[in-house]
Amino acid sequence: MPAERRLDNHPRRFELTNELHARPYMALSAPGRALMIAFKPEGNAQERDPEGDRAHLLALIERHGGPHPAPGASHFLATLGRFAMKWERHTEFVTYTVTEEGAADQLFTGGLAEHFPTDWLDQAPGRVTAAAEIEVLRVDSLADAEALLVRERLGRAFASESLALARTLDDGALAVGDFRIHEGGFSRFALIVYAEIGARRVGRAVQRLVEIENYRMLAMLALPIARQTSERLNEIDRELTQLIAAVANRDQPRPEQELLDQLTRLSAEIEAL
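These notes cover the structure that comes with them. (Residues numbered from 1 in each chain as written. Predicted model: local features only at pLDDT ≥ 70, side-chain atom pairs only at ≥ 80, totals over all residues. Heavy atoms only, no water.)

Another point: the pattern of salt bridges. What the rule picks out here adds up to 20 salt bridges. With a closest N to O distance of 3.4 Å, Glu100 and Arg33 form a salt bridge. Remark: Arg33 occurs in strand S1 (residues 32-40) and Glu100 occurs in strand S4 (residues 94-101); sequence separation between them is 67 residues. You can call Glu100 buried: its relative accessible area is 15%. Classification of Arg33 by relative accessible area gives buried; the value is 12%. Residues joined by salt bridges that share partners form a network here, namely Arg33, Arg82, Glu100, Glu114 and Glu135. (Salt bridge = Lys/Arg side-chain N within 4 Å of Asp/Glu carboxyl O. Helix = DSSP H or I, 4+ residues; strand = E, 2+ residues; numbered from the N terminus. Buried < 20%, exposed > 50% of the residue type's maximum accessible area, 1.4 Å probe, protein only.)

Here you go:
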């Protein structure tokens with residue numbers, strides 16, 4: 001029998017592995033719906049005061065008479081009356097997700113937003129970076145799911161030119177979205193379930209759609225910075241070309257200190273960018 005081999009583990013390997021399982025998924029039966037709002041400060045988000053996020057959460061919980069989270073908690077799940085709520089504090093942002101089960105008379109009405117009072121939203125420690133409505137529907141087959149999307153009420157809720165579809169949950173559901181901001185300021189997703197899938201798996205799929213929207217927007221926040229940086233880097237590239245030409249020009253040499261100063265300035269600016 002081979003001798004046991006000891007692994008030289010990173011000191012935080014187990015802690016970080018367990019973090020993947022530390023945030024429970026919300027269970028959500030089909031039909032139902034979810035609504036998510038994410039808040040992020042505009043600057044130094046990773047250094048924000050965690051007590052500010054907690055105080056904002058408590059202000060909402062107390063309106064509904066719910067239990068308080070444990071001190072220092074980074075996630076919280078509770079049932080508040082007829083809806084459930086999940087709160088998560090991430091490195092740069094915080095999310096609130098509320099869910100409700102049962103068939104809807106009308107899709108994408110933003111009805112769950114009533115659980116977020118206007119004055120509470122105004123006091124948020126940050127600005128909204130993502131907000132999404134997710135309708136969870138149940139049909140009997142994939143053909144019914146496609147018919148619901150193409151011929152019936154669901155298709156009219158999305159912009160057809162940017163519609164995206166994906167089979168998910170082991171080909172037991174169809175995820176739909178168009179990555180647009182619709183009336184009320186919410187993006188829209190639909191999860192059409194056509195197989196026997198439990199509430200926890202449906203809730204997990206809803207969580208993945210929420211994560212797609214959140215991290216898509218966080219990634220896009222870097223785009224304006226990248227454009228500005230790219231423009232300046234192109235200018236620096238031209239300046240460096242001129243500088244190299246000046247170094248190589250033996251007929252009209254420039255003072256070495258002047259060249260060194262210019263090179264040092266450009267190097268520092270590149271590093272800063």
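Turning next to the pairing of strand S2 (residues 75-80). Residues Phe76, Ala78 and Leu80 point to one face of S2 and are all buried, whereas His75, Leu77 and Thr79, pointing to the other face, are not buried. Where S2 lies against strand S3 (residues 83-89), six bridges are found, and the strand directions are antiparallel. Its bridge partner being in S3, Leu80 is matched across the sheet by Phe83. Count of turn residues in the S2/S3 antiparallel hairpin: two residues, of which Gly81 carries a positive phi of about 70 degrees. (Pairing = 2+ DSSP bridges.)

All right, on to the side chain of Arg54 then. Note on placement: Arg54 falls in helix H2 (residues 50-64). Buried charge without a partner: Arg54 forms no salt bridge, and the closest opposite charge is Glu51, 4.5 Å away. Beyond its immediate sequence surroundings of up to four residues, Arg54 is in contact with Pro69, Ala70, Pro71 and Gly72. (Lys, Arg positive; Asp, Glu negative; His and termini not counted. Contact = heavy atoms within 4.5 Å.)

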